[in-house]
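Now for the letters of each chain:
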Amino acid sequence: MGLSEVQEDRNCTGDGVSEIPSGTETKYTMVTSVPVEDNEVLQNKKHQAKKYVFACAVFASLNSVLLGYDVGVMSGAIIFIQEDLNISDVQQEVLVGILSIVSLLGSLAGGKTSDAIGRKWTIGLAAVVFQTGGAVMAFAPSFNVLMIGRLVAGVGIGFGVMITPVYIAEISPAIARGSLTSFPEIFINFGILLGYISNYAFSRLPAHINWRVMLGIGLLPSVVIALALFVIPESPRWLVMQNRIEEARVVLLKITESDKEAEEKLQEILVAAGSVNTDNKYESKAVWKEILSPTPPVRRMLIAGCGIQCFQQITGIDATVYYSPTIFKNAGITGNSELLAVTVAVGFTKTLFILVAIFLIDKLGRKPLLYASTIGMTISLFSLSLSLALLSHAKIGIALAILAVCGNVASFSVGIGPICWVLSSEIFPLRLRAQASALGAVGSRVSSGAVSMSFLSVSHRITVAGTFFVFGVISCCAVVFVHYCVPETRGKTLEEIEVLFKDEDDLQESEVEMGDVERLVQS
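Nothing here was measured: the structure is a model prediction, and the numbers come from that model.

Before going further, it helps to examine the overall build of the protein chain. What the protein chain contains, in helices and strands, is 23 helices and zero strands. Counting over 523 residues, the protein chain shows a buried share of 54%. Taking the intrachain contacts of the protein chain between residues at least 6 apart in sequence as the baseline, contacts between residues at least 24 apart amount to 81%. A total of about 21,900 Å² of accessible surface is found on the protein chain, and carbon and sulfur atoms cover 64% of it.

The next point concerns the pattern of salt bridges. Applying the stated rule across the entire model yields eight salt bridges. Here Glu 247 ties to Arg 244 by a salt bridge, and the two come within 2.8 Å at their closest N and O atoms. One salt bridge connects Glu 246 with Arg 249, and the closest N-O pair in it is separated by 2.4 Å. Taken together, the positions of Glu 246 and Arg 249, both in helix H11 (residues 245-255) and three residues apart, correspond to about one turn of that helix.

Segments scoring low in pLDDT should not have their predicted coordinates read at a detailed level. Residues with a pLDDT of 70 or more make up 86% of the protein chain, whose mean pLDDT is 80. The secondary structure element of the protein chain with the lowest average pLDDT is helix H1 (residues 3-10), at 40, and the one with the highest is helix H18 (residues 366-390), at 94. Segment residues 1-37 is flagged for pLDDT under 50; beyond a separation of four residues in sequence, or across chains, it makes 23 contacts in the model. Here residues 275-285 scores under 50 on pLDDT; set against residues more than four positions off or in separate chains, the count is 19 contacts.

Attention now moves to the side chain of Thr 113. Position of Thr 113 among the secondary structure elements: in helix H3 (residues 89-117). Since its relative accessible area comes to 17%, Thr 113 is described here as buried.

Right, let's get into the packing of aromatic side chains. Tallying each qualifying case throughout the model produces six aromatic pairs. An angle of 50° between the planes, with centres 5.2 Å apart, marks the rings of Phe 382 and Phe 469 as tilted. Placement of the pair is Phe 382 in helix H18 and Phe 469 in helix H21 (residues 430-485), with a sequence separation of 87 residues. On the accessibility criterion, Phe 382 (28% relative accessible area) is partly exposed.

Moving on, we get to the packing of helix H14 (residues 296-314) against helix H20 (residues 416-426). In contact at an axis separation of 9 Å, H14 and H20 are set at 160° when each is read in the N-to-C sense. Relative to H20, the element H14 is oriented roughly antiparallel. In terms of crossing hand, the pair formed by H14 and H20 is left-handed. Only Ile 416, Gly 417, Cys 420, Trp 421 and Ser 424 of H20 make contact with H14, whose side of the interface consists of Gly 305, Ile 308, Gln 309, Phe 311 and Gln 312. Grouping the amino acids of the contact of H14 with H20 by side-chain chemistry returns five nonpolar, five polar and no charged.

Definitions and limits used
- Residues numbered from 1 in each chain as written.
- Predicted model: local features only at pLDDT ≥ 70, side-chain atom pairs only at ≥ 80, totals over all residues.
- Heavy atoms only, no water.
- Helix = DSSP H or I, 4+ residues; strand = E, 2+ residues; numbered from the N terminus.
- Buried < 20%, exposed > 50% of the residue type's maximum accessible area, 1.4 Å probe, protein only.
- Contact = heavy atoms within 4.5 Å.
- Areas by Shrake-Rupley, 256 points an atom, 1.4 Å probe, with all protein chains shown as cover.
- Salt bridge = Lys/Arg side-chain N within 4 Å of Asp/Glu carboxyl O.
- pLDDT = per-residue confidence, 0-100.
- Phe/Tyr/Trp six-rings, centres within 6.5 Å; stacked < 30°, edge-to-face > 60°.
- Axes fitted to C-alpha atoms, helices over the stretch in contact; angles between N-to-C directions.
- Parallel < 35°, antiparallel > 145°, perpendicular 65-115°, else oblique.
- Left-handed = near helix turned anticlockwise from the far one by under 90°.
- Nonpolar A, V, L, I, M, F, W, Y, C, P; charged D, E, K, R; others polar.

In structure tokens, the structure reads:
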């Protein structure tokens, strides 16, 4: 409401006809009537902004369904692929794990691509590449062609896992960024559950058909993703880096609660991107040089971001998900249908607890959930090792194994699963965010591939029980890593989080810079 409108309200009643006497009565009327109208407008804009950001996060996360479905469906499809194509254990490991290894190419390329063509269209590119690989796999006549499809799909996965959290973090308000950036992990879990259900639903088809149907169903989300690209906006931070300031302002007006907040946020992004100070242009930054020869604050960011990505995988979650039928068979469950049915229960547990994480991540914070997650995983992994070693094929051993696997995936989903992506997308400064997040995603994919491609061979050497004992020891190390290397970032803006990694000298310099930002916003 403008100044002239406020002045008019001083001279008329609520119906705009009768005059109001001057004095305290006028003051009282102005205080009670004008802010109420403004408040309704602001509340409506706030509500609309929340819905819009929520919708953008959902649409951007659809890519993650593809990854989750592939992970889930392959755990059951590999049983029938082995039967149909007569592949060895080594070929199984390579087929399962190669997707994660190859995806590092997509993750590395994704950082550069997202800076070149934008966050939004990199999401679209990820879907196209993955769907191409998925189609090749579904119609593969031999193991070699199946591997080619797997390689192509892996590149698409690399693009997707790198760019989606970055995009969501860049459009989300600080107060809800943790929950919204967790959406990709929710959709991964939803995809895994769909994959498990697909395994069970099509398992009774002939072996030369069922695994093709299982893989082919994963092509359906591509239609929704194509439509989503026409709904979601480009990241305002990327637009600022491209010097498309007015377009960034339009997006910010849609995702912030007020025009004032949009302008303040735009000025903060301008300063962070180096667009205000002509001597500090983003384009002049040698991003990879700064990452490979980091300053102490950037080194701490890289340790925290890349470290949490690696611990997410080397604690064995992909071994649990990909090879859950093998685990339960080792525990004493026989029959493909029974194995796949129990695996569906694991999928439901994993999906349920990721929803719990969404409600808690911005209320309790990142670090408490990481403690609960890593400690819970440690207990579950040691319990699984014990049940497989001492109680295999006994009823109590089977029950304990199922409980331990469900406890492991539940603990993973409530903490390190989603928070890993939240941290890696929010702790890096704008000039490094895309490339550094890509580097973290590479660490995640390499770790995932190493675990997936070695699990069967290692378990043959030291037993399945011994393998999960090793995962339990690694999970203990993850607890220590969280304590010493991961800061609490709840409720802080992306620009404020940089301060957490700076020492006292850097902090004093940051205070001067923040003062400059405040004066700029006030002006």
